[in-house]
Amino acid sequence: MSSTDIFIGETIGTAVLILLGGGVVAGVVLKRSKAFGAGWLAITFGWGFAVLTGAYISAPLSGAHLNPAVTLGLAIEGGTKWSDVPLYLFSQMLGAIIGATLVWVAYLGHFQAHLTDHEIVGGPGAQDTAKADTQAKTDAGPVLGIFSTGPEIRNTVQNLATEIIATTVLVLAILTQGLNGDGEGLGVIGVLITALVVVGIGLSLGGPTGYAINPARDLGPRIAHALLPLPNKGGSDWGYAWIPVVGPLIGGAIAGGIYKIAFA
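Residues numbered from 1 in each chain as written. Predicted model: local features only at pLDDT ≥ 70, side-chain atom pairs only at ≥ 80, totals over all residues. Heavy atoms only, no water.

A.B. asks: Give a detailed account of the overall build of the protein, specifying residues and quantitative values.
C.D. replies: Check the secondary structure of the protein and you find twelve helices and zero strands. Helices and strands in the protein line up, N terminus first, as α-α-α-α-α-α-α-α-α-α-α-α. Since a compact globule built from 264 residues should have a radius of gyration of about 18 Å, the 18 Å found for the protein is in line with a globular shape. Taking the principal axes of the C-alpha coordinates as reference, the protein spans close to 60 × 35 × 30 Å. When each of the 264 residues of the protein is scored for burial, the buried share is 49%. For the protein, the share of sequence-separated contacts (at least 6 apart) that also reach a separation of at least 24 residues comes to 80%. Accessible surface, the protein: about 11,600 Å² in total, of which carbon and sulfur atoms supply 67%. Side-chain charges in the protein split into 11 positive and 15 negative, and the spacing between the mean points of these groups amounts to 7 Å. (Helix = DSSP H or I, 4+ residues; strand = E, 2+ residues; numbered from the N terminus. Rg over C-alpha atoms; globule rule 2.2 N^0.38 Å. Buried < 20%, exposed > 50% of the residue type's maximum accessible area, 1.4 Å probe, protein only. Contact = heavy atoms within 4.5 Å. Areas by Shrake-Rupley, 256 points an atom, 1.4 Å probe, with all protein chains shown as cover. Lys, Arg positive; Asp, Glu negative; His and termini not counted. Charge placed at Lys NZ, Arg CZ, Asp CG, Glu CD.)

If you want it as structure tokens, here you go:
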């Protein structure tokens, strides 16, 4: 794989992943959407299909990592050159920001309607108090969940452990499927299996934190949320932001180590 292939494949693939994954959350969360209130099953299957689509698109070019934790696990396992890791990570982050921006474009009117609804942001003057102003800068805003993850119960040890465990399962499942005949990533069946694993993780382990299991998937859209011109959007919850980055990276490293010890 050339550097150009890696850059194009990971950027486009991750952008599609976030576009479809963030899109299903937007459809469920935004009040004027036809999918409003569809629930957790719709979100988990939507993210699974998002992985499936992004991976199929990028696999011929870059091997469809789409996730810094996967890239780290593959580098430890030996399937990816360490010299290629920075390019993979940069491309994934860029793609994630692009994908989140495309979600905003696709649901532009819905964001506007949702974030000016008094039932969502409060009545006239509700944002004028010092307390509300402070919360808007620090707390998770009313649409942050469309862009990035957040815990239902804030417990640093538990939240970090959940992300580590879930990502270890994901990356180990990817590593144990092996590479395709060309040694350039998962084959067609491997991509499908990975998508189903993501659905399974969402159903089983997604409840506590929203299962980021991918640093780029969380950090890139969180940056987009902070930068996009959304009315009454509130804060981007930067105090929590390190957990869905560090946790998945630890999980990816653990999975790579387990593979080398137990399967190599």
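We are not done yet, so read on.
A.B. asks: Go over helix α10 (residues 188–205) with me, naming the residues and quoting the values.
C.D. replies: In this model, α10 (18 residues) spans 26 Å end to end at C-alpha, consistent with the 26 Å of a helix rising 1.5 Å per residue. All buried positions along α10 are accounted for by Gly190, Val191, Thr194, Ala195, Val197, Val198, Val199, Ile201 and Gly202. Tucked into the core, α10 has its buried residues touching α2 (40–62) and α9 (156–177). (Expected span 1.5 Å × (residues − 1).)

A.B. asks: How would you summarise unusual backbone geometry if you had to cite specific residues and measurements?
C.D. replies: Although it is not a glycine, leucine 66 sits at a positive phi angle of roughly 60°. Within the fold, leucine 66 resides in the loop between α2 and α3 (68–77). Of the residues examined, leucine 66 reaches a relative accessible area of 5% and is grouped as buried. The phi angle at tyrosine 211 is positive, at roughly 45°, despite the residue not being glycine. Structurally, tyrosine 211 is set in the loop between α10 and α11 (215–227).

A.B. asks: Residues and numbers for helix α5 (residues 108–115), please.
C.D. replies: Those residues of α5 that sit buried are Phe111, His114 and Leu115. The arc that holds every buried residue of α5, seen down its axis, measures 85°, which confines them to one face. Where α5 is buried, its residues meet α1 (3–29), α4 (85–106), α6 (118–121) and α8 (144–147). (Arc of directions from axis to C-beta.)

A.B. asks: How would you sum up the environment of phenylalanine 7? Please name residues and give values.
C.D. replies: The residue phenylalanine 7 is located in helix α1 in this model. On the accessibility criterion, phenylalanine 7 (31% relative accessible area) is partly exposed. With 88 residues separating them along the chain, phenylalanine 7 and glycine 95 place their C-alpha atoms 9.5 Å apart. In this structure, phenylalanine 7 is in contact with Leu87, Phe90, Ser91 and Leu94, ignoring residues within four places of it in sequence.

A.B. asks: Could you give me a rundown of the side chain of glutamate 10, with the residues and numbers involved?
C.D. replies: Note on placement: glutamate 10 falls in helix α1. It turns out glutamate 10 is buried and unbridged, and the closest side chain with the opposite charge, arginine 217, is 15 Å from it. For glutamate 10, the side chain forms a polar contact with the main-chain nitrogen of leucine 66, separated by 2.7 Å. Of the polar contacts made by the side chain of glutamate 10, one reaches the side chain of glutamine 92; its length is 2.9 Å. For glutamate 10, the contacting residues outside a window of four places in its chain are Ser62, Ala64, His65, Leu66, Asn67, Tyr88, Ser91 and Gln92. (Salt bridge = Lys/Arg side-chain N within 4 Å of Asp/Glu carboxyl O. Polar contact = N/O pair within 3.5 Å; in protein donor to acceptor, adjacent residues only side chain to side chain.)

A.B. asks: Just give me the short version of the confidence of the model for the protein, but keep the residues and values in it.
C.D. replies: Should the pLDDT be low somewhere, the predicted coordinates at that spot are not to be read in detail. Residues of the protein with pLDDT of at least 70 account for 91%, and the chain-wide mean is 91. Counted against residues more than four places away or in other chains, residues 127–137, with its pLDDT under 50, gives eight contacts. (pLDDT = per-residue confidence, 0-100.)

A.B. asks: Lay out the nonpolar core in plain terms, naming residues and giving numbers.
C.D. replies: Counting residues in hydrophobic clusters, the biggest one holds 48 residues, and the most contacted among them are Trp47, Phe111, Val143, Ile146, Phe147 and Leu230. If one sorts the elements of this core by residue count, α2 sits on top with seven residues. (Core = buried A, V, L, I, M, F, W, Y, C linked by side-chain atoms within 4.5 Å.)

A.B. asks: So what's going on with the pattern of salt bridges? Which residues, and what values?
C.D. replies: Enumeration according to the criterion identifies four salt bridges in this entry. We note a salt bridge from lysine 31 to aspartate 117, for which the minimum N-O separation is 3.2 Å. Of the two residues, lysine 31 sits in the loop between α1 and α2 while aspartate 117 sits in the loop between α5 and α6, which places them 86 residues apart along the sequence. Taking the shortest distance from any N to any O, the salt bridge between aspartate 237 and arginine 154 comes out at 2.4 Å. Here the residue aspartate 237 occupies a position in the loop between α11 and α12 (243–262), and arginine 154 occupies one in the loop between α8 and α9, the gap between them amounting to 83 residues. Accessibility expressed as a relative area gives 6% for aspartate 237, which makes it buried. Connected through salt bridges with shared partners, the residues Lys31, Asp117 and Glu119 form a single ionic network.

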